[in-house]
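# Geometric and topological summary
Okay, here's what each chain looks like letter by letter:
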Amino acid sequence: MPSAFAQHLIKPLVLSQRPPNVFSTSQTLSSAQADGGTKEKLQNSLSALNQSLSHSLVVDTIESLTELEKEKKISASAADFENDLLRDAIISKLLVGLYAEEIDSHLSQATEAETEAEWWADIERSRWNLALYLLQTTPSRLLNLTRVVIQTLRVHNLPVTFSTFTPTSLRSLFPLTDPQRLTALQQALFPYLRHQTLSVKSSAILNSSFTLTLASPDNIFAAIWRALEPLLVLTRLPIEMIRQECAFKRQELEKIRDQRAAALGYLAHMRNDLALSIQEPRHIRACARILINITEGDTSKPSSLSDTHGEPYTGPTNELLALSTAVFTTQKMVHQRLLESKELCRPPRLILMWPRLLLLPPLCIYILRSAYTSRASLAELAFDAKATAEGFVRGWLLDPLKDVIKTVRAGSQDGVIVQKEGIAADLASLERMTLSLAKDQLNYDAEQLANLSNKVRLGDLTPVLQIYEEDIRSPLKSAVTGTLLRSVFIQVQKAKVDIDQTLAGIDKLLKSQELTFAFVGVAPAFGVVYLLGGTLMALWSGGRGIGKYGGKRTMCGVWSAMRRTERLLIAQPKYRHNKTDGTDSSFISPLTSGLLLLSVARLRTFAEKHLRRRSRLREGFLEDVGDLENPDLGRIDKIKVIERMWRCWGESLGWGRIAVEGTSSR
C-alpha cells in the first residue's frame, strides 16, 4: 500500500476516477453471456488492483488486457461500452497506482540519502567523531590494504611473505613517481580517492610528510622541531583524510537527494495532468511516457500533455508495463548500485560496534571482580541506602500524608497555644475580684453588680480604675490601709486575660491554616521525589525517542524540517532543468517542490505518529501540512501557511526551547 503521504497526494486523483456505468441486472446478465465472460474477467482484474500494487500484479493485469484484445473479446457489440469503461477504469487505476509507487520510491530514496548525509555531517563536524570513525574502520581499511598488496604480488608473480609488508618492500612495490598522483595503497586505505583527488590542504600535508629537510646546526630548537614535524604531520593526516572522506560522501548524498527531490517535484506537478488523463483516456499513454522519463531522470523531454497534443490514441499497455519495470525494478537497482559503487552508506553496525564489543567483556569482568572483592562494603551501602529510603518514605511522605488526610477528615478540636477552659477560668477570676472590690468599697447593690459583671466580660473596668486613681493620690497610705494593692492585682489579672484572648486569636488563625501547614510540611518530600523521578525517566527514555511528542530528538528534527521548509520557500535552490527565469514570484521549481515535500513528509510522519488522535492539535497540524503538500498553492501562499504554523503550533510544541537547546541527530 502507498504511504500516507502518497495517499494524501493522490486523493484528488482517486476521487476523479469515473466509476464504470452500472446497468440493470437483466441487462448485465445478458451482456455477460453475450461477451463470453469478458466483463467478469475485467471486474476481477479491477478488484485485484485494490490490493497492494506490485510488478507481478501489473504484469498479470496488462497480460490479461492484452490477451482480451488479441482474442477480440472486446468488440463492437452492445456490451462493448461497459467493457470499455471497465478497461479504462483498470488502466486509470494502474496509472494512479504506479504514480503513487513512483512517488513513494523517490521519497524513500531521497529520505535515505538525506539521513545518510546527516550522519556523515555529524561525523564531519567533530574531531572526536572523526577519530572514533577512523578507529572503527581501521580493520576494514587494513583488510583492503592487504587485499591490494596480495593482488599486486600475484600480478608480479612474487611470493606472499611477512617481509613483503615492511615499509621498504611496500615502497618498492608501489613507487611514488609523482607526488600529485595517488598510489594504490592510498586508494585502498581511503577508497573515496578513486572518485576524488586530494585537496590542497591534504596534498600539502602528505607531501610534507615525505619531504624531510636537514636541520641547521646553528639552531637546536629548529632542529628539534624539524625532527618532530613528520610525526605531527602523520597524526594530522589521517584525521584530515577522514574529514575529506565524510565531506565527499555527504556531498554525493546531497546530490542524490537533490536529484530524487527534483524528480519528486516533477511528479507533484504532474498531478493535474494525471487528473486530465483520467477524464480523457487518450492522454494516458503520453502521461505514462512522461512518468517513465521522470523515473529515468530525464526531465528534458516533454513534461506536459500539451507537448503531445494531436497524437493518435493507442493502447497504453506497453508504456504502463515499461513504467512498472522502471518503478519496481530498474530505478531501485540503479539507486542501490550508485550507493554501493561509491560506498556512500554508513558502515555496517558490526564495524561501528567492534570497539565497544572488544572493550565490554574485560570491563564487565573488571567490574564484577571489583564488586565481588568489595561485597561487604557494597552490602552495607545497600542496607544503609534501603534504610534511608524507608525512613524518607515513612517519615517524610506517608506520615505527613496521613496527617493531611486526618486534618481534612476531622480537623482538630484542641487549641494549638491555649485552651478555652483556661481563658474562661481567668476571666471568671477577674470578674469575682472586680465584683468583690466594688461591693466592699463602692457598696453596689445586686443590680449594679450585675451590670458591672457584664462590663467586666466586655473588658470595661472603669469603677476599678476610678478607685485606683483615688488611691495613687496617697500611694503609701493606700498601700498600707487602702485598696491600692487590690486594684493593682485586678489590673494584673486583666492584663493576663487580655494576653489569653490575644493568644486565642492567634490560635484560631493557626487552626484555620492547619491544612496549609500540613501540605507545606510534605511539599519538600514531593519535590525531591519529583526531581528524582524526572531524572530517572530522562535517563531511561533518553535516546529512545520516548517522551512528549516523541522526545527531544524527534522535536529537533521537526523544528529543522520547519526551518528548512521556510528557507526553501524564501530562497529557492537552483537546478539545471528549471525552465523558468524566476520572474514569477509564486512559481516553485521542481527541486524546491521536491525538497519541500521531503520536509513536509517528515512533518506528516511526526503528526500521525506522535500527536494524540482526534485532537485539535493533530487535526489542525495535518491540515496545514496538507496545504504545504498541495502543488496548486503558490510560493506566497505556502509562506503564509508556514507563518501560521509557527504562530499556532510553535508555542504548543516548544519549538522556541528546541531552537535554544538543540540536540545532535546522531
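Our subject is the structure listed above.
In short, a report on the structure. Because the structure is predicted, anything quoted here is derived from the model rather than measured. (Residues numbered from 1 in each chain as written. Predicted model: local features only at pLDDT ≥ 70, side-chain atom pairs only at ≥ 80, totals over all residues. Heavy atoms only, no water.)

Moving on, we come to the overall build of the protein. Secondary structure assignment for the protein yields 26 helices and zero strands. Evaluated residue by residue, the protein yields a buried proportion of 37% over its 666 residues. Counting contacts in the protein only where the partners sit at least 6 residues apart, residues at least 24 apart contribute 76% of the total. Approximately 39400 Å² of the protein is accessible, and the part contributed by carbon and sulfur atoms is 59%. (Helix = DSSP H or I, 4+ residues; strand = E, 2+ residues; numbered from the N terminus. Buried < 20%, exposed > 50% of the residue type's maximum accessible area, 1.4 Å probe, protein only. Contact = heavy atoms within 4.5 Å. Areas by Shrake-Rupley, 256 points an atom, 1.4 Å probe, with all protein chains shown as cover.)

Let us now look at unusual backbone geometry. Its identity is not glycine, yet asparagine 157 carries a phi of approximately 55°, on the positive side. By the element assignment, asparagine 157 lies in the loop between helix 6 (127-155) and helix 7 (167-173). One non-glycine residue, glutamate 343, lies in the positive phi region at around 50°. On the secondary structure map, glutamate 343 appears in the loop between helix 13 (317-341) and helix 14 (349-373).

Glancing now at helix 17 (residues 446-458). Three or four residues apart is the spacing at which side chains of an α-helix point the same way, because the helix has 3.6 residues per turn. In this model helix 17 runs 19 Å from its N-terminal to its C-terminal C-alpha over 13 residues, within 8% of the 18 Å that 1.5 Å per residue would give. When helix 17 is considered as a whole, its buried residues turn out to be Leu449, Leu452, Ser453 and Val456. Around the axis of helix 17, the buried residues are gathered within 110° of arc, so they sit on the same side. When the buried face of helix 17 is taken as reference, the exposed residues oriented beyond 90 degrees from it are Glu447 and Leu458. Those residues of helix 17 hidden inside the fold are in contact with helix 16 (420-441) and helix 18 (462-471). Once helix 17 finishes, glycine 459 follows within two positions and takes phi at roughly 95°, a positive value. (Expected span 1.5 Å × (residues − 1). Arc of directions from axis to C-beta.)

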